Amino acid sequence: MKTENYDVIVIGGGAIGLATAYHLGKRKAKTLVLEQFTFVNQLGSSAGVSRQFRIPYPDEYMVQMALDAQPYWDALEKETGKSLLDKVGTLWFGDPEVHSTEGNIAQAEQALKALNVPYTTLTAKEIEEKYHFKNLPENYTGLFQADGASINFKETIETLLELCEKEETVQLEENSPVLEIKQEGELFEITTPNGIYIAKKLAIIPGPYINSVINLLDFKIEATYWNMSSAYFKKTDPNIQYPTWFVFQNAEGENGNQFYGFPSVDWDHPEYIRVAPDFVINPLEEPGDRTLIPNPQELGYTSEWVQQHMTGLATEPEYTSTCLIALSKIPNKELLIDFAPNYVPNHKNIVVYATGWAAKFTPFLGKIMSDLALDGHTDFDISPFQLGRKYFKAI
């Protein structure tokens, strides 16, 4: 067993863990990334190939975070010469009265206006004419925001991994689950199957597996887990293209009725359109319960929606995928960014990111987490994302 010392140990080597290590490396901090599986795996929230980048949110602070993330994407693309975002715009549409996990169209409009973000409002007829949807109820409204994009997420993760590999001060260890965390004075001793490592600071970013790590520090985060399904529908009209989109509808019975989709892209089944349900029929109790097989009922609802409301597509999917996501049970808290609770020894040297849909913020979140780890603060206002002691659960 080997023992080595680091400035920061990053626990979790998904997109945001690697982005954190990348920014730590730029500051020449001696950094170790511990990934329990292999890098670029399909077992957590970094699974899949594409994600949506979008500006609309029902809360101003989330719109601001998306705006702040844009230059970090630009910088990453400029540094690497890689195109990571396909800018096709974001379309939100549906029943203006519906509130969902994504918020509400009217609230999003208010937040965009407050921050002077340009967008276009649309009627149901205009949505059908411009964006290839059909049979929409007359009361549906929409907004289109031109900065939305489809993220080449697999390429993003591979790019961040390559950048970390080039940094002399960053070490990467895969197949290295954390088995034990001890504290010796102000230092942390991390035990994995491959060695024992010492660090001054911890950045804990293991996606939906967050509790398996922080349980070792005697606290946990209340979360539920979704094994989210996706389906790929072949284009029957090769010239048709969609923006990234999300539809707000009333739930039918006990099941959700929200769907979202992507354009066809060169890096992910180019002749297909990806459509996915933004709900799960059976949430998981633990991340270890996930499966790589999508729920057939969720796929059925998705196919039915495509058949009824989309043009130029086959009505049954040819390919499917899943992605595991942790969602906070704390009201109005999607992303959780904070230090460990103050009853944990040395808590100010432990920074935690957990839960929510955050791929669109990847390079910016890496900057935030690296600054919190090294400096104990960040220029970005994280107060809306902080937990406070009452939301952590001691165990």
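Residues numbered from 1 in each chain as written. Predicted model: local features only at pLDDT ≥ 70, side-chain atom pairs only at ≥ 80, totals over all residues. Heavy atoms only, no water.

- Per an unreviewed UniProt entry, the protein chain goes by FAD-dependent oxidoreductase and derives from Chryseobacterium endalhagicum.
- Of the comments in the UniProt record for the protein chain, the one headed Cofactor (unreviewed entry) reads "FAD". (UniProt positions renumbered as here; feature names shortened; annotations may be inferred.)

## A few points about the sheet that holds strand 17 (residues 272-277)
Then, in step 1: Sheet architecture is open: eight strands sit in the order 6-7-5-15-16-17-14-18, paired in mixed fashion. With one partner strand each, in any of the chains shown, strand 6 (120-123) and strand 18 (319-328) form the two edges of the open sheet. Strand-to-strand, the axes of this sheet are offset by a mean angle of 20 degrees, without reference to chain direction.
Then, in step 2: As judged from the three bridges shared by strand 15 (residues 244-248) and strand 16 (residues 259-261), these two strands associate in the antiparallel manner. Residue pairing for strand 16: phenylalanine 246 is matched across the bridge by tyrosine 260. (Pairing = 2+ DSSP bridges. Helix = DSSP H or I, 4+ residues; strand = E, 2+ residues; numbered from the N terminus. Axes fitted to C-alpha atoms, helices over the stretch in contact; angles between N-to-C directions.)

## Here we look at the environment of phenylalanine 153
Then, in step 1: One can find phenylalanine 153 in helix 5 (residues 153-166).
Then, in step 2: Phenylalanine 153 sits 186 residues away from phenylalanine 339 along the chain, and the two C-alpha atoms are 27 Å apart.

## Observations regarding the side chain of glutamate 77
Then, in step 1: Within the secondary structure layout, glutamate 77 lies in helix 2 (residues 60-80).
Then, in step 2: Buried charge without a salt bridge: glutamate 77, with lysine 87 as the nearest opposite-charge side chain at an N-O distance of 9.8 Å.
Then, in step 3: Here the side chain of glutamate 77 touches leucine 84 through a polar contact of 2.7 Å, landing on its backbone nitrogen.
Then, in step 4: For glutamate 77, the residues in contact, after removing those within four places along its chain, are Lys82, Ser83, Leu84 and Leu85. (Buried < 20%, exposed > 50% of the residue type's maximum accessible area, 1.4 Å probe, protein only. Lys, Arg positive; Asp, Glu negative; His and termini not counted. Salt bridge = Lys/Arg side-chain N within 4 Å of Asp/Glu carboxyl O. Polar contact = N/O pair within 3.5 Å; in protein donor to acceptor, adjacent residues only side chain to side chain. Contact = heavy atoms within 4.5 Å.)

## Notes on empty space enclosed by the protein
Then, in step 1: Applying the stated criterion to the full structure yields one cavity of 30 Å³ or more.
Then, in step 2: Quantified by volume, the largest cavity comes out at close to 40 Å³.
Then, in step 3: Around the largest cavity, the lining residues are Ser50, Tyr232, Phe262, Pro263, Ser264, Val265, Asp268, Tyr272, Ile273 and Arg274.
Then, in step 4: It is strand 17 that provides the largest number of residues to the lining of the largest cavity, a total of three residues.
Then, in step 5: Grouping the constituent residues of the lining of the largest cavity by class yields six nonpolar, two polar and two charged. (1 Å grid on protein atoms, 1.4 Å probe; cavity = no way out; pocket = protein on both sides within 12 Å on 5 of 7 lines; lining within 4 Å. Points joined across faces, edges and corners; volume = space filled by probe spheres on them. Nonpolar A, V, L, I, M, F, W, Y, C, P; charged D, E, K, R; others polar.)

## Some points on helix 5
Then, in step 1: A rise of 1.5 Å per residue sets the reference length of helix 5, with its 14 residues, at 20 Å; its end C-alpha atoms lie 20 Å apart and thus fit the reference within 8%.
Then, in step 2: Those residues of helix 5 that are buried are in contact with helix 1 (15-26), strand 3 (50-53), helix 2, strand 8 (149-152), strand 9 (170-173) and helix 8 (362-375). (Expected span 1.5 Å × (residues − 1).)

## Overview of the packing of helix 2 against helix 8
Then, in step 1: As a packed pair, helix 2 and helix 8 sit with axes 7 Å apart at the nearest point and diverge in direction by 100 degrees. Relative to helix 8, the element helix 2 is oriented roughly perpendicular. Only Thr362, Pro363, Phe364, Leu365, Lys367 and Ile368 of helix 8 make contact with helix 2, whose side of the interface consists of Met65, Asp68, Ala69, Tyr72, Trp73 and Leu76.
Then, in step 2: Tallied by class, the residues present in the contact of helix 2 with helix 8 amount to nine nonpolar, one polar and two charged. (Parallel < 35°, antiparallel > 145°, perpendicular 65-115°, else oblique.)

## A few points about the pairing of strand 3
Then, in step 1: Neither face of strand 3 is exposed, since Ser50 and Gln52 on one face and Arg51 and Phe53 on the opposite face are all buried.
Then, in step 2: By the bridge criterion, four bridges tie strand 3 to strand 8 in an arrangement that is antiparallel. Residue pairing across strands places glutamine 52 opposite serine 150, the latter belonging to strand 8.

## A closer look at unusual backbone geometry
Then, in step 1: The backbone phi angle of asparagine 135 is positive, close to 55 degrees, even though this residue is not glycine.
Then, in step 2: Positionally, asparagine 135 belongs in the loop between helix 4 (124-131) and strand 7 (141-145).
Then, in step 3: Here aspartate 218, not a glycine, exhibits a phi torsion of approximately 70 degrees, which is positive.
Then, in step 4: By secondary structure assignment, the location of aspartate 218 is in the loop between helix 6 (210-214) and strand 13 (219-221).

## Some words on the nonpolar core
Then, in step 1: Met65, Ile337, Tyr353, Phe361, Leu365 and Ile368 are the most contacted members of the largest nonpolar core, which has 71 residues in total.
Then, in step 2: Not counting residues up to four positions away in its chain, the partners in contact with tyrosine 353 are Ile16, Ile204, Ile205, Ile210, Leu335, Leu336, Ile337, Ala358, Leu365 and Met369. (Core = buried A, V, L, I, M, F, W, Y, C linked by side-chain atoms within 4.5 Å.)

## Things to note about the pattern of salt bridges
Then, in step 1: Across all of its chains, the model carries 11 salt bridges by this definition.
Then, in step 2: We note a salt bridge from lysine 82 to glutamate 162, for which the minimum N-O separation is 2.9 Å. Highlighted residues: lysine 82 in the loop between helix 2 and strand 4 (85-87) and glutamate 162 in helix 5, separated in sequence by 80 residues.

## As for the sheet that holds strand 4
Then, in step 1: If you trace the three strands from one edge of the open sheet to the other, you get 3-8-4, paired in antiparallel fashion. Looking at the sheet topology across the chains shown, the edges are occupied by strand 3 and strand 4. Between one strand and the next, the sheet's axes are offset by a mean angle of 30 degrees, whatever the strand orientation.
Then, in step 2: With respect to the sheet, helix 2 is in contact with strand 3, strand 4 and strand 8, its orientation differing from that of strand 3 by roughly 130 degrees.

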